[in-house]
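Tertiary structure, described
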Amino acid sequence: MKDRYDLRIEAKEDEAYPMKNDSDNRNGDVALPIAQNYTKPKEKSLLARRLYILSWIGSYEREKGMSDLIAGITLGMTIIPQSIAYAALAGLSSEYGLYSAFMGSIIYVFFGTIPQVSIGPTSLMALLTLQYCSDKPVQIVIVLAFMAGLVELLMGVFRLGFIVNFIPSPVTKAFTSGTALIVALVQMKTLFGVKVKGIPTPAEFWNNIKVPDAIVGVTCLVVLLLLRQLSSVNFKKKNETTRRLKKLLWYISISRNALVVFVLSFIAYMWIKKSSIEAIPFSLSSKVTSGLPQFKLPPFSFESGNRTYGFFDICSELGSGLIVVPIVAVLANVAIAKAFVKDSQLDASQEMLTLGLCNLAGSFFSAMPTCGAFTRSAVSQASGVKTPMAGIYTGIIVFSALSILTPYFQYIPKSSLSAVLIAAVIFMVDFSPFLNLWKNNKKDFFSWTGCLVVCLVAGVEVGLLYGIVLNMIFVLLRLGNPKVDVNLKQCDSVTYVHIKPMSDVYFSGADAIRTEIRSACILYRYDFPVVLDCSRFMLFDATFIEMLNAVAKEINEQKQIFVLQSLSEKHKPLFPAANSNIIFAMDPLTVDDFMTAEKKANGNGSLMA
């Protein structure tokens, strides 16, 4: 029986295969008539690619529905306390975080491509919102969400997903770690009940610690870290009881944020009910507006205090945030999507479009800027999510919280929310690249270290810009100085100097190639023919032609032959016939190429070693 993996094709008697012709095809490539039997897979329609739910809803099954239900409920228990905490980090009341979580979860169901991605408030967006909207009316936050969504939507429509490829992995890792550290440091004041404006000195911090807040905050943080470990508990015996117990511990671990916040809120509620709110020794969250968000246009013009804000006034207040916030959101969202995508098939432009729609829709419901969250996406993955439909169940839970629980959010201790934030982001800090990159890649080491330091000192958006600009400089340096391999080689009895670029060469690297050729000729005293591999010449233009003609002239003065190997056929006519020492050859070289060159040069020099 013939091996199923044998890819050799046997010609049938009635099939006429074209004969190999060395003069036309140096590598022996032959067009096979059976190729017409293979066609490209049919692409999805534009509607199915953009309204992505159409590509999977037809095959939706009960088993997937149950998995999504479990994942959606689990995610809902995670996203509610996180949304409240992230809203507090942004300087907003709790309902704005929940508005964002509700709209992000619903919109992503219809347009999102990665089931694990959870759109909603994040530490990164909260931090940027705080930076650009601190001490400003809340209406500016809503307009920021609208403008960020508009920019993200346009990036998706114009298919600019390739932009994220210019942000290297070390910069992304440093940016994530820097953001996590900033969030943790910012929350330390609230965790310990310190009420000092600005950055306190160690002495000021210590003298202003509020003991009840510190006890609640530190206790919550310890409990959250301990509950996190429950998911990794293993039992020696493997039976039905231990499997159920492990599943129960896993659910407790996943729901730890909600459990801690609920228990402390219940304690505060009962305390106030038995005595009074003044008797509570620790700080509580502010009152939350009860009810669901109203659908209305973002406030492009409003009055606050004694000032009237127009649209251009708002844009002036936001400044660079109009560009920084959407770009950072896209970067974070695509990075998360890449971490969970299957088969490495990610439509980055569709993710941009979806994120834009989430923020645009959210702005009509008074939401803050949103993007994907890695911790929540990891929860979805661990919960066994199958499709984006899980977002419907998450949205229903958030909707229920907005309609029923908002009067009780005021009983949540502030320090417990800080503990939730710190416990969520502290595991995103990764210092492992420090030693690895120092040993393996100095360029990436300086990108990672510099980006991290700048993030901590000057802010996350400046740190990201530093990382991008630094790596653009590295790219420009590489384009201007391509790596070139120079060797003496032999083809039968002919010895020649072989010059081969090891990376793609653009016009900016043409002069560097000329320098390498000149150095090689001087080194080998013009004793041998010079063969230049042109296979990696990109965007061949007048700069290349001028360089090659100049090199050919220099070599011709030394009565040597200049061979251009693997140059495209369409570029050969660009060289004047007067350059009699320029020879074109393919890969691999043969001794006939050199014999032809010798005849063409009319005996200028001896090519034989």
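Please refer to the structure placed before this passage.
Since the structure is predicted, the reported quantities are computational estimates derived from the model, not experimental observations.

With that out of the way, let us pick up the overall build of the protein. Across its full length, the protein holds 22 helices and nine strands. Buried positions account for 47% of the 609 residues belonging to the protein. Pairs at least 24 apart in sequence give 74% of the contacts found in the protein among residues at least 6 apart. Summed over all atoms, the accessible surface of the protein reaches about 31,800 Å², with 60% contributed by carbon and sulfur.

This part takes up the nonpolar core. Membership of the largest hydrophobic core comes to 115 residues, with the highest contact counts inside it found for I80, M125, F175, V328 and V398. If we ignore the near neighbours within four places in the chain, the residues touching M125 are V325, V328, A329, P369, T370 and C371. With 26 residues, the next largest nonpolar core counts V505, C521, F537 and L564 among its residues.

So, about the environment of G91. Summarising the element assignment, G91 is placed in the loop between α2 (62-89) and α3 (94-111). In sequence terms G91 and C133 are 42 residues apart; their C-alpha atoms lie 8.6 Å from each other.

This structure, assessed with the given rule, holds eleven salt bridges. The closest approach of N and O atoms between R50 and D347, which form a salt bridge, is 3.7 Å. Placement of R50 in helix α1 (residues 46-50) and of D347 in the loop between α12 (321-340) and α13 (348-363) is noted, with a sequence separation of 297 residues between them. Since its relative accessible area comes to 17%, R50 is described here as buried.

Before going further, it helps to examine the packing of aromatic side chains. Per the counting criterion, the structure on display carries 26 aromatic pairs. Seen in terms of ring centroids, F262 and F266 are 6.4 Å apart; in terms of plane orientation they differ by 20 degrees. Their pairing is stacked. Within this pair, F262 and its partner F266 are both found in helix α10 (residues 256-274), separated by four residues, close to a single helical turn. With a relative accessible area of 45%, F266 lands in the partly exposed category. Each ring, one from W438 and one from F445, has its centre 4.9 Å from the other, and the planes form 65 degrees; the classification is edge-to-face. Residue W438 is classed as partly exposed on the basis of its relative accessible area, which comes to 42%. Among the aromatic residues, ring-to-ring pairing joins F146, F295, F300, F311, F312, F364 and F365 into one connected group. Across the ring face of F427, the terminal group of R228 is positioned such that the distance to the ring centre comes to 3.6 Å. Lying over the aromatic face of W250, K247 brings its terminal NZ or CZ to 5.1 Å of the ring centre.

In this section: unusual backbone geometry. With the exception of glycine, the majority of residues adopt a negative phi angle, and the majority of peptide bonds are in the trans configuration. Of note, the phi angle at R159 is positive, near 55 degrees, even though the residue is not glycine. Tracing the backbone shows R159 in the loop between α5 (138-157) and α6 (169-191). Among the residues examined, R159 registers a relative accessible area of 46% and is labelled partly exposed. In the Ramachandran plot, Y526 falls in the positive-phi region, its phi being about 55 degrees despite a non-glycine side chain. Looking at the secondary structure, you find Y526 in the loop between α20 (510-523) and β7 (530-533). Relative accessible area serves as the criterion here: at 21%, Y526 is assigned to the partly exposed category.

What counts, and where the lines are drawn
Residues numbered from 1 in each chain as written. Predicted model: local features only at pLDDT ≥ 70, side-chain atom pairs only at ≥ 80, totals over all residues. Heavy atoms only, no water. Helix = DSSP H or I, 4+ residues; strand = E, 2+ residues; numbered from the N terminus. Buried < 20%, exposed > 50% of the residue type's maximum accessible area, 1.4 Å probe, protein only. Contact = heavy atoms within 4.5 Å. Areas by Shrake-Rupley, 256 points an atom, 1.4 Å probe, with all protein chains shown as cover. Core = buried A, V, L, I, M, F, W, Y, C linked by side-chain atoms within 4.5 Å. Salt bridge = Lys/Arg side-chain N within 4 Å of Asp/Glu carboxyl O. Phe/Tyr/Trp six-rings, centres within 6.5 Å; stacked < 30°, edge-to-face > 60°. Lys NZ or Arg CZ within 6 Å of the ring centre and 35° of its normal.

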